[in-house]
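Residue strings, one per chain:
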Amino acid sequence: MADTNYDWAYSLVDSSRVSTFLISILLIVYGSFRSLNMDQEENQEKDQDGLLSTGTTPANKQNENGVQTIDSTQAMFLPIGASVSLLVMFFFFDSMQVVFALCTAVLATVAFAFLLLPMCQYLIRPCSSGTKISFGCCGRFTAAELMSFAISMGIVFIWIFTGHWLLMDALAMGLCVAMIAFVRLPSLKVSTLLLSGLLIYDVFWVFFSTYIFNANVMVKVATRPADNPVGIVAQKLNLPRAVKDAPQLSLPGKLVFPSYHNNGHFSMLGLGDIVMPGLLLCFVMRYDHWKKKHGVQEQPPKPLVPNLTVVHKLTYFHCSLIGYFIGLLTATIASEVYRAAQPALLYLVPFTLLPLLTMAYLKGDLKRMWNEPFLAPTLPKYLEV
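Values in this document were obtained by computation on a predicted structure and should not be read as measured data.

Caption draft 1: Quick look at the overall build of the protein. The number of helices and strands found in the protein is 16 helices and six strands. Burial status across the protein gives 42% buried among its 385 residues. Contacts in the protein between residues far apart in sequence, at least 24 positions, make up 77% of those at least 6 positions apart. Surface accessibility of the protein: about 21300 Å² in total, with carbon and sulfur atoms responsible for 65%.

Caption draft 2: Up close: the packing of aromatic side chains. Under the defined criterion, the tally for this structure stands at 14 aromatic pairs. Centre to centre, the rings of Phe90 and Phe91 are 5.1 Å apart; their planes meet at 80°, and the pair counts as edge-to-face. Overall, Phe90 belongs to the buried group, its relative accessible area being 11%. Cluster of aromatic residues (ring-pair linked, three or more members): Phe90, Phe91, Phe204, Trp205 and Phe213. It is Arg34 that lies over the ring of Phe114; its NZ or CZ is 3.9 Å from the centre. The ring of Tyr316 carries the charged tip of Lys363 above its face, separated from the ring centre by 4.8 Å.

Caption draft 3: Region of interest: the packing of helix α5 (residues 72-124) against helix α8 (residues 188-213). Remark: α5 packs on α8, axes separated minimally by 8 Å, with the N-to-C direction vectors making an angle of 25°. If you check the angle between α5 and α8, you find them roughly parallel. Like other packed secondary-structure pairs, α5 and α8 cross with a definite hand, here right-handed. Counted together, Ser72, Ala75, Met76, Leu78, Pro79, Ala82, Ser83, Leu86, Leu87, Phe90 and Phe91 of α5 and Lys189, Val190, Leu193, Leu194, Gly197, Leu198, Tyr201, Trp205 and Phe213 of α8 form the full contact between these two elements. Partitioning the contact of α5 with α8 into residue classes produces 16 nonpolar, three polar and one charged.

Caption draft 4: Geometry of the pairing of strand β6 (residues 266-270). Only one face of β6 is covered, namely the face carrying Ser267 and Leu269; the face carrying Phe266, Met268 and Gly270 is uncovered. Of the pairings in the sheet, the one linking strand β5 (residues 254-258) to β6 comprises five bridges and is antiparallel in character. Looking at the pairing, Leu255 lines up with Leu269 of β6.

Caption draft 5: Region of the structure containing the pattern of salt bridges. What the rule picks out here adds up to five salt bridges. Note that Glu336 and Arg17 form a salt bridge whose closest N and O atoms lie 2.3 Å from each other. Taken together, the residues Glu336 in helix α14 (residues 316-338) and Arg17 in helix α3 (residues 15-48) connect sequence positions 319 residues apart. The exposure classification of Glu336 matches that of Arg17, with both residues buried. A salt bridge links Arg286 to Asp39, with the shortest nitrogen-to-oxygen separation between them at 3.1 Å. Of this pair, Arg286 sits in helix α12 (residues 272-294) while Asp39 sits in helix α3, placing them 247 residues apart in sequence. With respect to class, Arg286 is no different from Asp39; both count as buried. Connected through salt bridges with shared partners, the residues Arg17, Glu336 and Arg339 form a single ionic network.

Caption draft 6: Representation of the layout of surface pockets in the model. The computed volume of the second largest pocket comes to approximately 1300 Å³. Mapped onto the lining of the second largest pocket, the elements with two or more residues apiece are α3, α5, β3 (140-141), α6 (143-162) and α7 (165-182).

Caption draft 7: Looking closely at the packing of α5 against α7. As a packed pair, α5 and α7 sit with axes 7 Å apart at the nearest point and diverge in direction by 75°. With respect to α7, the axis of α5 lies roughly perpendicular. Packed against α5, whose contacting residues are Leu107, Ala108, Ala111, Phe112, Phe114 and Leu115, the element α7 presents Ala170, Leu171, Met173, Gly174, Leu175, Val177, Ala178, Ala181 and Phe182 at the interface. Across the contact of α5 with α7, the residue classes tally to 14 nonpolar, one polar and no charged.

Caption draft 8: Representation of α14 in the model. Given a rise of 1.5 Å per residue, 23 residues ought to cover 33 Å, and the 33 Å separating the end C-alpha atoms of α14 matches this to within 8%. Following α14 by one or two positions, Arg339 has its phi on the positive side, about 55°.

Cut-offs used in this document
Residues numbered from 1 in each chain as written. Predicted model: local features only at pLDDT ≥ 70, side-chain atom pairs only at ≥ 80, totals over all residues. Heavy atoms only, no water. Helix = DSSP H or I, 4+ residues; strand = E, 2+ residues; numbered from the N terminus. Buried < 20%, exposed > 50% of the residue type's maximum accessible area, 1.4 Å probe, protein only. Contact = heavy atoms within 4.5 Å. Areas by Shrake-Rupley, 256 points an atom, 1.4 Å probe, with all protein chains shown as cover. Phe/Tyr/Trp six-rings, centres within 6.5 Å; stacked < 30°, edge-to-face > 60°. Lys NZ or Arg CZ within 6 Å of the ring centre and 35° of its normal. Axes fitted to C-alpha atoms, helices over the stretch in contact; angles between N-to-C directions. Parallel < 35°, antiparallel > 145°, perpendicular 65-115°, else oblique. Left-handed = near helix turned anticlockwise from the far one by under 90°. Nonpolar A, V, L, I, M, F, W, Y, C, P; charged D, E, K, R; others polar. Pairing = 2+ DSSP bridges. Salt bridge = Lys/Arg side-chain N within 4 Å of Asp/Glu carboxyl O. 1 Å grid on protein atoms, 1.4 Å probe; cavity = no way out; pocket = protein on both sides within 12 Å on 5 of 7 lines; lining within 4 Å. Points joined across faces, edges and corners; volume = space filled by probe spheres on them. Expected span 1.5 Å × (residues − 1).

Below, the structure written as structure tokens:
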């Protein structure tokens, strides 16, 4: 009886749970560093071109690099758009599953190539000058970019023919890193709007959609496999052997890790539960770096606690990363205790956002981070010598 009561505690150290924790945190950290590195490379290019560095990026430069910055309006309407997309997949999945599978394969190919690019650059550096090769209207690409794209295409083809969960996870990791690196939150205000709206979205579709649609819409869409395009083509060509061998595809919209101790048991985490908090952590990492680079001094308000030494030494990124870990741990415990799917953002958003807001207030950065965090500090008109 005692063992049954504490099964949830044992499950926390299961291989599937540990893998989920480690991989999700590593993806957020790596994606944030890739985003910061892209900013640094862009600033170097601007300096070489003789452009003024104001701490922000011109809109046309963002478009050239493929970076998309979310504004307040987009942040408010994104949960609505996500709800519409979820309903389309719920009602029309059977008739559009091939389209979903092909679109996912194309996006995953590009994203996984982005994930592999640094490794390919390192491997090919001794035998390549880094010059770009022209492919006409398709653009210009370096040898490392071509190599990463070729490997990514190979991985996607193997995934389509085998449907293996490990390849699906690899493609999902590429999507996570690419979204964290290429989507930017410009301020704490936009971050709060986006994460608060997505929290409501997650809670509604996990907890309350059953009462309206007689099914848990979020879970059903996330776990529904798609027919293999190879099998459909083989069926059209009247190749029964190929139709039989083509596996159904679980789309890489989640990370899935099977347990090596409990057969049939697996841990699942949606990409949104990694990417959306990851965008916040990416934002605070960029702010930590910008603040250090420009030497912005903290001007804290009247202290609320006697000693703020620890608060001032802790960076915003480390604070949010610890909060993400605690939130993910809380969500895992809740899912094991209640034996039901949990909206992870219900736990992740408060544990990442609230400590960040508190810490920004205690450090005196809340006003700056809320509105214009990357505005270069202005020098006083008269300086003492």
